[in-house]
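Listed below, chain by chain, are the residues.
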Amino acid sequence: MKTEIIHILRLLFPFALGLVLWRMEHMFWNMGGILAMIPVFYCSFIRRIPWFSLFGLFICFLLDYNFTTHFYWTGMFCLAYAINGLQDWVDITRLEHNGLGAFMVFLGITILIYAITNFSISVLLKSLWCWVWATVLYIPTTILIQKVRK
């Protein structure tokens, strides 16, 4: 009984982590709950977990709510999912550092487009900070997900 509960908690950990990171929104440390994109990206593209892509879509919808955008994060996630499905020569599941480079490109392009469409110096600086901070926290978060799931 106890091992079954532990197994269920291990399976639910990435889902709960995504919700917690989204909910822990802070204007400086977690703008709009953007850190929730770490488990969403990792568990949807790098180490695929069954049904996590649908959950990632839900988290992106919640990010749209926080950022007051109309399906921007959801659309970018769907675009990345479609591009990942069509790729033939790059297998991002085998990239080193748990796919850090792919995450940096995905989040960087998404944040850059967001910053350009809402251009101001403060938005640009916040976007740059957000990208750097999420990139720094990507490796520890993915290692935590790996350790809990084992």
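Figured I'd write up the structure that's included with this text. (Residues numbered from 1 in each chain as written. Predicted model: local features only at pLDDT ≥ 70, side-chain atom pairs only at ≥ 80, totals over all residues. Heavy atoms only, no water.)

1. What about the overall build of the protein?
Argument step 1. A count of helical and extended segments in the protein gives six helices and zero strands.
Argument step 2. Ordered by position from the N terminus, the helices and strands of the protein form the series α-α-α-α-α-α.
Argument step 3. Taken over the C-alpha trace, the protein has a radius of gyration of 15 Å; the compact-globule value for 150 residues is 15 Å, and the two agree within 12%.
Argument step 4. Overall, the protein is about 55 × 35 × 25 Å in size when its C-alpha atoms are taken along their principal axes.
Argument step 5. In the protein, which comprises 150 residues, the share counted as buried stands at 42%.
Argument step 6. In the protein, of all internal contacts separated by at least 6 residues, the share reaching a separation of at least 24 is 71%.
Argument step 7. Entry remark: accessible area of the protein is about 9000 Å², with carbon and sulfur atoms responsible for 73%.
Argument step 8. Within the protein, the 6 negative side-chain charges are centred at a point lying 10 Å from the centre of the 10 positive side-chain charges. (Helix = DSSP H or I, 4+ residues; strand = E, 2+ residues; numbered from the N terminus. Rg over C-alpha atoms; globule rule 2.2 N^0.38 Å. Buried < 20%, exposed > 50% of the residue type's maximum accessible area, 1.4 Å probe, protein only. Contact = heavy atoms within 4.5 Å. Areas by Shrake-Rupley, 256 points an atom, 1.4 Å probe, with all protein chains shown as cover. Lys, Arg positive; Asp, Glu negative; His and termini not counted. Charge placed at Lys NZ, Arg CZ, Asp CG, Glu CD.)

2. Comments concerning the environment of Leu19
Argument step 1. The topology assignment puts Leu19 in helix H1 (residues 2-23).
Argument step 2. In the structure, Leu19 is positioned 20 residues away from Pro39 in sequence and 9.7 Å away in space, judged by C-alpha atoms.
Argument step 3. What Leu19 contacts, discounting residues up to four positions off in sequence, is Phe55, Phe58, Ile59 and Leu62.

3. Quick word on the packing of helix H2 (residues 37-46) against helix H4 (residues 72-86)
Argument step 1. Viewed as axis vectors pointing N to C, H2 and H4 meet at an angle of 25 degrees, and their least axial separation amounts to 11 Å. What the angle tells us is that H2 and H4 run roughly parallel. Seen along the crossing, H2 lies across H4 with a hand that is right-handed. When H2 is examined against H4, the residues Val40, Ser44 and Phe45 are found in contact with a partner set consisting of Phe77, Ala80, Tyr81 and Asn84.
Argument step 2. Class assignment for the residues of the contact of H2 with H4 results in five nonpolar, two polar and no charged. (Axes fitted to C-alpha atoms, helices over the stretch in contact; angles between N-to-C directions. Parallel < 35°, antiparallel > 145°, perpendicular 65-115°, else oblique. Left-handed = near helix turned anticlockwise from the far one by under 90°. Nonpolar A, V, L, I, M, F, W, Y, C, P; charged D, E, K, R; others polar.)

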